[in-house]
Amino acid sequence: MTKSILICGVGGQGILLSSDILAEVCMNSGYDMKKSEVHGMAQRGGSVISHVRYGEKVHSPLIGEGGADIILSYEKLEALRNLSYIEKNGTVIVNDMAILPIPVASGEVEYPQDVIDKIKKHASNLVVIDGLGIAKSTGNIRTLNVVLLGVLARHIELAYENWLAVIEERVPKKTIEVNKLAFESGYRSK
Amino acid sequence: MKAFLSGDEAVARGAYEAGINVASAYPGTPSTEILEAIAKYPEIYSTWSPNEKTAFDFCSGASFGGARVLVAMKHVGLNVCADSFFSMSYIGATGGFVVVSCDDPEMHSSQNEQDNRHYARAAKVPLLEPSSSQEAKDFVKIAVEISEKFDTPVLLRLTTRISHSKGIVELGDRNEHTPKGYVKDFKKRVILPANARVRHRVVENRLKELKDFSENFEFNKIEDIDTSVGVITSGVSYNYTKEVFPTASILKLAMSYPFPSELCRRFAKRCKKVYVIEENDPFIEENLKIEGIKCTGKEKIPLVGELNPTKVAVSFGLQKAKKKTTFKIPPRPPVLCPGCPHTGVFYTINKLKLVATGDIGCYTLGGLPPLNAMDSCVCMGASIGNAFGLEKALGSEIKDRLVAVIGDSTFFHTGIPPLIDVVYNKGKTTVLILDNRTTAMTGHQEHPGTGKTLMGEKTVALDLVDVCKGIGVKHTYTIDPYDLAETKRVISREVKRNAPSVIISKRECILLSKKKRKPLKVDEETCTGCKLCLRLGCPAISLQEEKAIVDETLCTGCTLCAQVCPKDAIG
Ligand SMILES: Cc1ncc(C[n+]2csc(CCOP(=O)(O)OP(=O)(O)O)c2C)c(N)n1
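*Asks:* Requested: an account of the overall build of chain A, with residues and values cited.
*Replies:* Within chain A, the regular secondary structure consists of 8 helices and 6 strands. The helix and strand sequence of chain A, counted from the amino end, reads β-α-β-β-β-α-β-α-α-β-α-α-α-α. The C-alpha radius of gyration computed for chain A amounts to 16 Å, which stays within 12% of the reference 16 Å derived for 190 residues, consistent with globular compactness. Considered along the principal axes of its C-alpha atoms, chain A spans approximately 45 × 40 × 35 Å. Within the span of chain A, comprising 190 residues, buried residues form 58% of the whole. Contacts in chain A between residues far apart in sequence, at least 24 positions, make up 64% of those at least 6 positions apart. When the accessible area of chain A is evaluated, it comes to approximately 7,600 Å², of which 50% is carbon and sulfur surface. Of the side chains in chain A, 21 bear a positive and 22 a negative charge, and the two mean positions are spaced by 1 Å.

Given below as structure tokens:
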């Protein structure tokens, strides 16, 4: 069975690094895998989506609407925006954080109310995470990325050690310990 | 050995393994990473060239000497070098010649959705379409073989979802190639009409031979399973076909031009019905229909935008279209970064209510609200000619409130000939060059003004003032876009000048700037909530409870908001 994971958020949040780590864990776990994203325009603070798919043999690099087993969103509004990707019984993991798009910041439009409730209406399984809070508790808020990967790891069947090995390799040497802690905190969060 | 590579990185690896000697490009999403990755192989001499045509001609010359060459570009880049491309089809390839075009279905970062497979047919060169990173690598090697065997450039067409998807690739060794050296060949390389008439016949013969090759090409592969449905497909669409029709028979065209019509006919005969699954234009479908082979394609599958498994399934009625959620979701468009040197210029253009013919780069974002300071954006290098044309057509009605806006990399790309046109044809156009010392849009590549080459060597940095003066522009002024008063003074003065003038707005891209400035703060007491600072469109400023607030994690201390604030509340 092929597993499809959509990671989304805002340009600058480190989405592409996260999906790179996930991809490497998949590969090291012996799976075929593909990942797809768009460079260029999207990075200037716009919406960013990365598609990751792994399994015995993966054909399509893209997840279609209704095809994502998991959506991992680094920002609330982006989860709402990409909800059409979720599979009927899929899981939506949302970092409970709002980043204001320019039209909102400049007062032209409002950031929608009750984003989480709206997501709930369309997602049979919803996990809401205070990623920033957990990252703060590790002592380094820059570990937000890894915290969220920890949460994701709980929902997919890739070995814990494989995750740690890739994270150790990818993060700056001085931050290995705090990142391991961040991953574990995400993994064990409720 | 295995590696996890994007399609672009795989093309670079393919170039290395195929013994490519020389490679060149002008950056352009989604093709940029090809040359960035090639630059890591010292065995290949690689360059960023000022534009796609200079890159192409440079590679043609290297091929004259027997070197194996690769030139890469985004789809619209092929328009820029089309003249060379068509001629080189007649001239042929002494050393293997691979032309890589990365098309952008869905226009993730492009101005159109042109399908460059048509170029293969128009220029009469063979076309290869990889469907994965592995094939992207392997097909470069095959392209070199075909090129040398049939004496022709070969078009290798990727699309965004091949270029920017990563997959597992089996690596090979380099097959070293030593250029044969230069041998004069007047009849082939000087395409005077007399020679070209002969060459055209050669090209038509070559096409016949290539068609035979394509009919038997091992990568034009049939996967025979259940023949009740047969699908003919190519490129990334093959992957969607495999997901949606796992048991159908599939004919995957790796070489879709010259079109292997007999192979298709044989395949179609075996199948009860034939579907064609391809992105954008009905290229395969039309070829089939010309041959009288019945098939279903674009009557079901969208022509506009990219495909994905769900879209394909919905097109053939295998899945219901998902209802769109009805929530109102504010858009999140890309924006100019906090501290972007372009911001002050567009703020000023907006203030002065100028008509600004624009160009392509990060600065195109200056056309979006709240800056709204760009009136046109056609393609790279169009801004100056557009302004000049407007000026000549409408004269004094528009002349004093008109400016052409162009980035530094874009100016070197195709901005110089139109500036010559202005001087030569007695224009009075005002040109604003946004010199942020880099090609920012595509991820900060070097260009002729930066003083560094793709391979990391130091070189001369062309001076924009010298270039403009050399062309004959007498009035050139350099301004600092972080100084709003000066910016306004110079721009409003120059648009009124009765002679061509160039204003160079010079400030390094904030993402490259090493200088750290203190983030600013809004004094809550003094702020009246007048929202003037919000007109900069700076992502670091927002309104909270009717007061402006600066996000200190985003603020770069450029001070534009402080300069705009009428109450001196920001500092
Ligand atoms: C013919 C063509 N080639 C390449 C591109 C891709 N492209 C768009 S803008 C741009 C560079 C812009 O650089 P610059 O003019 O310096 O502006 P900046 O992004 O730095 O503001 C490139 C390479 C294109 N759109 N068209």
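*Asks:* Let's hear about the interface of chain A and chain B: which residues, and what values?
*Replies:* On the side of chain B, 51 residues touch chain A, which itself brings 51 residues to the contact. For the pair chain A and chain B, the two sides together bury roughly 4,300 Å², of which 63% comes from carbon and sulfur. Across the chain A-chain B interface, the total number found is 4 salt bridges. The shortest N-O distance in the salt bridge between Arg332 of chain B and Glu75 of chain A comes to 3.1 Å. Going through the elements one at a time, helix H1 (15-28), strand E2 (32-37), strand E3 (47-55), helix H2 (76-81), helix H3 (102-105) and helix H4 (115-122) of chain A are the ones with two or more residues in the side of chain A that touches chain B. If one sorts the elements of the side of chain A that touches chain B by residue count, E2 of chain A sits on top with 6 residues. When its residues are assigned to classes, the side of chain A that touches chain B shows 23 nonpolar, 14 polar and 14 charged. One ladder, built from 2 bridges, connects E2 of chain A with strand E8 (residues 165-170) of chain B; its direction is antiparallel. By the bridge assignment for E8 of chain B, Lys35 of chain A is matched with Lys166 of chain B.

*Asks:* Tell me about a nonpolar patch on the surface, and please be specific about residues and values.
*Replies:* Residues and elements named next belong to chain B. Side chains of Tyr45, Phe58 and Met455 sit close together on the surface and give an oily, nonpolar patch of about 270 Å² of accessible area. Among the secondary structure elements, Tyr45 is positioned in strand E3 (residues 45-48). Exposure remark for Tyr45: the relative accessible area of 46% places this residue in the partly exposed category.

*Asks:* Now, about the sheet that holds strand E2 (residues 22-25) of chain B: what can you tell me, with residues and values included?
*Replies:* Residues and elements named next belong to chain B. An order of E3-E2-E4-E5-E7-E6-E12 is seen for the 7 strands of this open sheet, with the pairing classed as mixed. The strands lining the two open edges of the sheet, one partner per strand, are E3 and strand E12 (255-257). Sheet analysis places E2 next to E3, joined by 4 bridges and oriented parallel. Bridging across to E3, Val22 finds its partner in Tyr45.

*Asks:* Could you give me a rundown of helix H11 (residues 237-244) of chain B, with the residues and numbers involved?
*Replies:* In terms of burial, H11 of chain B is largely enclosed, as 7 of its 8 residues are buried. Among the residues of H11 of chain B, Ser237, Tyr238, Asn239, Tyr240, Thr241, Lys242 and Val244 of chain B are the ones counted as buried.

*Asks:* Describe the site of the ligand, listing the residues and the values that go with them.
*Replies:* Residue and element names in this part refer to chain B. What surrounds the ligand is a group of 26 residues, the closest being Glu52, His342, Asp408, Thr410 and Ala440. At 2.9 Å from an oxygen atom of the ligand is found a main-chain nitrogen or oxygen belonging to Cys362. Separating an oxygen atom of the ligand from a backbone N or O atom of Met441 is a distance of 2.9 Å. When the ligand sits alone it has 590 Å² of accessible area, and the protein chains cover 97% of it. Breaking the shell around the ligand down by element, the ones donating at least two residues are helix H4 (77-80) and helix H18 (408-424). Of the residues forming the shell around the ligand, the biggest block, 4 residues, is contributed by H18. Broken down by class, the residue content of the shell around the ligand amounts to 10 nonpolar, 13 polar and 3 charged. Both domains that meet at the shell around the ligand, namely domain 1 (2-215) and domain 3 (342-506), each give it at least three residues.

*Asks:* If you had to explain the sheet that holds strand E11 (residues 248-252) of chain B to someone new, which residues and values would you point to?
*Replies:* Residues and elements named next belong to chain B. Within the open sheet, the 4 strands sit side by side as E9-E11-E10-E13. Their pairing is mixed. The sheet terminates laterally at strand E9 (221-223) and strand E13 (273-277), the two strands that pair on one side only. Pairs of neighbouring strands in the sheet enclose a mean axial angle of 20°, with direction left out of account. Sheet analysis places strand E10 (residues 226-233) next to E13, joined by 5 bridges and oriented parallel. By the bridge assignment, Ile232 is partnered in E13 with Val276.

*Asks:* Tell me about the environment of Arg117 of chain B, and name the residues and values.
*Replies:* Residue and element names in this part refer to chain B. Considering the arrangement of structural elements, one finds Arg117 in helix H6 (residues 117-123). It is 9.2 Å that separates the C-alpha atoms of Arg117 and Leu128, two residues lying 11 residues apart in sequence. If we skip the residues at most four places from it in the chain, Arg117 touches Asp103, Leu127, Glu129, Arg157, Ser234, Glu278, Glu279, Asp281, Phe283 and Ile284. In terms of polar contacts, Arg117 uses its side chain to reach the side chain of Glu278, at 3.0 Å.

*Asks:* Any chance you could break down the domain arrangement of chain B for me, citing the residues and the numbers?
*Replies:* The domain boundaries assigned to chain B delineate domain 1 (2-215), domain 2 (221-315), domain 3 (342-506) and domain 4 (516-571). Measuring from the centre of the C-alpha atoms in domain 1 of chain B to the corresponding centre in domain 4 of chain B gives 50 Å.

*Asks:* Give me the nonpolar core: which residues, what numbers.
*Replies:* Residue and element names in this part refer to chain B. Ranked by internal contacts, the top residues of the largest apolar core, which has 67 residues, are Phe346, Ile349, Phe411, Leu419, Leu432 and Ile433. Broken down by element, this core gets its largest block of residues, 5 residues, from strand E16 (residues 402-407). Looking at which domains feed residues into this core, each of domain 3 (342-506) and domain 4 (516-571) supplies at least three. In this structure Phe346 touches Tyr363, Gly366, Leu371, Ala373, Met374, Val405 and Leu434, once residues within four positions along its chain are discounted. Val11, Ile146, Phe150 and Val229 belong to the second largest nonpolar core, which has 58 residues in total.

*Asks:* Could you give an account of a positive patch on the surface, naming the residues involved and the relevant values?
*Replies:* All names here are of chain B. Residues Lys351, Lys353, Lys488 and Arg535 make up a contiguous surface patch of positive charge. Inspection of the secondary structure assignment puts Lys351 in helix H15 (residues 342-351). A relative accessible area of 40% places Lys351 in the partly exposed class.

*Asks:* Give a detailed account of the packing of helix H5 (residues 131-138) of chain A against helix H6 (residues 144-155) of chain A, specifying residues and quantitative values.
*Replies:* Residues and elements named next belong to chain A. Relative to each other, H5 and H6 sit at 115°, their axes nearing to 9 Å. The angle between H5 and H6 falls in the class roughly perpendicular. Judged by the sense of rotation from one axis to the other, the crossing of H5 with H6 is right-handed. Mapping the contact onto sequence places Gly131, Leu132, Ile134 and Ala135 in H5 and Leu144, Val147 and Leu148 in H6. Partitioning the contact of H5 with H6 into residue classes produces 6 nonpolar, 1 polar and no charged.

Conventions we followed
- Residues numbered from 1 in each chain as written.
- Chains lettered and ligands numbered in written order.
- Predicted model: local features only at pLDDT ≥ 70, side-chain atom pairs only at ≥ 80, totals over all residues.
- Heavy atoms only, no water.
- Helix = DSSP H or I, 4+ residues; strand = E, 2+ residues; numbered from the N terminus.
- Rg over C-alpha atoms; globule rule 2.2 N^0.38 Å.
- Buried < 20%, exposed > 50% of the residue type's maximum accessible area, 1.4 Å probe, protein only.
- Contact = heavy atoms within 4.5 Å.
- Areas by Shrake-Rupley, 256 points an atom, 1.4 Å probe, with all protein chains shown as cover.
- Lys, Arg positive; Asp, Glu negative; His and termini not counted.
- Charge placed at Lys NZ, Arg CZ, Asp CG, Glu CD.
- Buried area = accessible area lost by both parts, 1.4 Å probe.
- Salt bridge = Lys/Arg side-chain N within 4 Å of Asp/Glu carboxyl O.
- Nonpolar A, V, L, I, M, F, W, Y, C, P; charged D, E, K, R; others polar.
- Pairing = 2+ DSSP bridges.
- Patch = residues over 30% accessible without salt bridge, like charges linked within 9 Å, V, L, I, M, F, W, Y side chains within 5 Å.
- Near = heavy atom within 4 Å.
- Polar contact = N/O pair within 3.5 Å; in protein donor to acceptor, adjacent residues only side chain to side chain.
- Domains from an automatic or database assignment.
- Axes fitted to C-alpha atoms, helices over the stretch in contact; angles between N-to-C directions.
- Core = buried A, V, L, I, M, F, W, Y, C linked by side-chain atoms within 4.5 Å.
- Parallel < 35°, antiparallel > 145°, perpendicular 65-115°, else oblique.
- Left-handed = near helix turned anticlockwise from the far one by under 90°.

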